[in-house]
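# Reading the structure
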Amino acid sequence: DRDPPVVRVRGLRKSYPGTENAVLDGIDWDIPRGRVIGLLGRNGAGKTTLMRCLLGLLPVDEGEIEIFGEPMDEPRGERLHRIGFVPQTFDLFKWMRVGSYLNFTAAFYRHWNRTLENRLVDNWGLDRRAKIGKLSEGQRQKLAIIRAMAPEPDLLVLDEPVASLDPQTRAAFMNELIDVVRHYGKTVILSTHITADLERAEADIALLDGGRLVLEMPLAELRERIRKVELTRA
Ligand code: ATP
């Protein structure tokens, strides 16, 4: 497989003005195509900061970022169609109705999968006539996920997308995500506190701690290693 990594990061450093320690303190990261990556870390570890740097939404202090084999500082136009982002909270366009918001957003994209949009809206019980401002947090999160998935981006970045959803919906959402990855060979970065959400995705995990990625391995392998330790101690 000689594809360039979807994401390639070298020596990434980022601090916020007025804070003593760097939030990201030397991140090196290669993400191959077609994987689901679970980005784990305690509250405040810097998961959101890392994602926003990768997306070009935050300037970095130092380091190199390449997405799809191209430096991040190149013009963004083309890349925008290929990256989907679900932020931690979605509270835009409160005055719009769900249906008109989706139509309005679809018009911005070169490609928009209506079939996928309709399936998710129906499966997740979203009312197209409802005003976005009247939706529950979980429903708004579903809308943000549909909005990010319908353009079928090559890279999908999700910042704790399922935190506000009930366990059943979380599982349903993860299944949709796994389908997208399997059928289209997409790459997904998903930050979460809950490794159970990653189980069925055969995810790789990346653990962010102290400003660095301190552990990268398939979740199944980590589970296996822990199991062996427990066996030894039993
Ligand atoms: P959570 O799981 O709570 O979302 P996180 O891992 O996503 O946390 P970040 O939101 O990236 O962490 O925050 C990392 C650190 O940077 C935290 O200590 C936070 O307080 C700090 N921070 C984030 N944004 C800013 C900002 N704009 N100015 C100053 N400090 C900030």
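Thresholds applied
- Residues numbered from 1 in each chain as written.
- Predicted model: local features only at pLDDT ≥ 70, side-chain atom pairs only at ≥ 80, totals over all residues.
- Heavy atoms only, no water.
- UniProt positions renumbered as here; feature names shortened; annotations may be inferred.
- Helix = DSSP H or I, 4+ residues; strand = E, 2+ residues; numbered from the N terminus.
- Buried < 20%, exposed > 50% of the residue type's maximum accessible area, 1.4 Å probe, protein only.
- Contact = heavy atoms within 4.5 Å.
- Pairing = 2+ DSSP bridges.
- Right-handed = clockwise from strand over helix to strand, strands pointing away.
- Near = heavy atom within 4 Å.
- Polar contact = N/O pair within 3.5 Å; in protein donor to acceptor, adjacent residues only side chain to side chain.
- Areas by Shrake-Rupley, 256 points an atom, 1.4 Å probe, with all protein chains shown as cover.

For the chain, the name recorded in an unreviewed UniProt entry is ABC transporter ATP-binding protein, with Salinisphaera hydrothermalis as its organism. The UniProt entry for the chain carries the following comment under Sequence similarities (unreviewed entry): "Belongs to the ABC transporter superfamily."

## Notes on the side chain of Glu-176
By the secondary structure assignment, Glu-176 is in helix α6 (residues 167–184). Residue Glu-176 is classed as buried on the basis of its relative accessible area of 9%. What Glu-176 contacts, discounting residues up to four positions off in sequence, is Arg-119, Leu-120, Asn-123, Trp-124 and Met-149.

## Section: the pairing of strand β8 (residues 187–192)
By the criterion of burial, β8 is predominantly enclosed, with six of the six residues buried. The side-chain alternation of β8 yields two buried faces, one formed by Thr-187, Ile-189 and Ser-191 and the other by Val-188, Leu-190 and Thr-192. Sheet topology note: the strand β3 (residues 36–40)/β8 ladder contains five bridges and is parallel. Bridged to Gly-38 within β8 is Leu-190. Strand direction decides the pairing type here: strand β7 (residues 155–159) and β8, joined by five bridges, are parallel. Bridging across to β8, Leu-156 finds its partner in Val-188. Handedness of the β7-α6-β8 crossover: right-handed.

## Overview of the site of the ligand
As a matter of local geometry, the ligand sits amid 13 residues, with Gly-44, Gly-46, Lys-47, Thr-48 and Thr-49 nearest to it. Measuring from an oxygen atom of the ligand, one finds a side-chain N or O atom of Gln-88 at 3.1 Å. In this structure, an oxygen atom belonging to the ligand sits 3.1 Å away from a side-chain N or O atom of Glu-160. Here the ligand, which alone exposes 640 Å², has 60% of that area covered by the protein.

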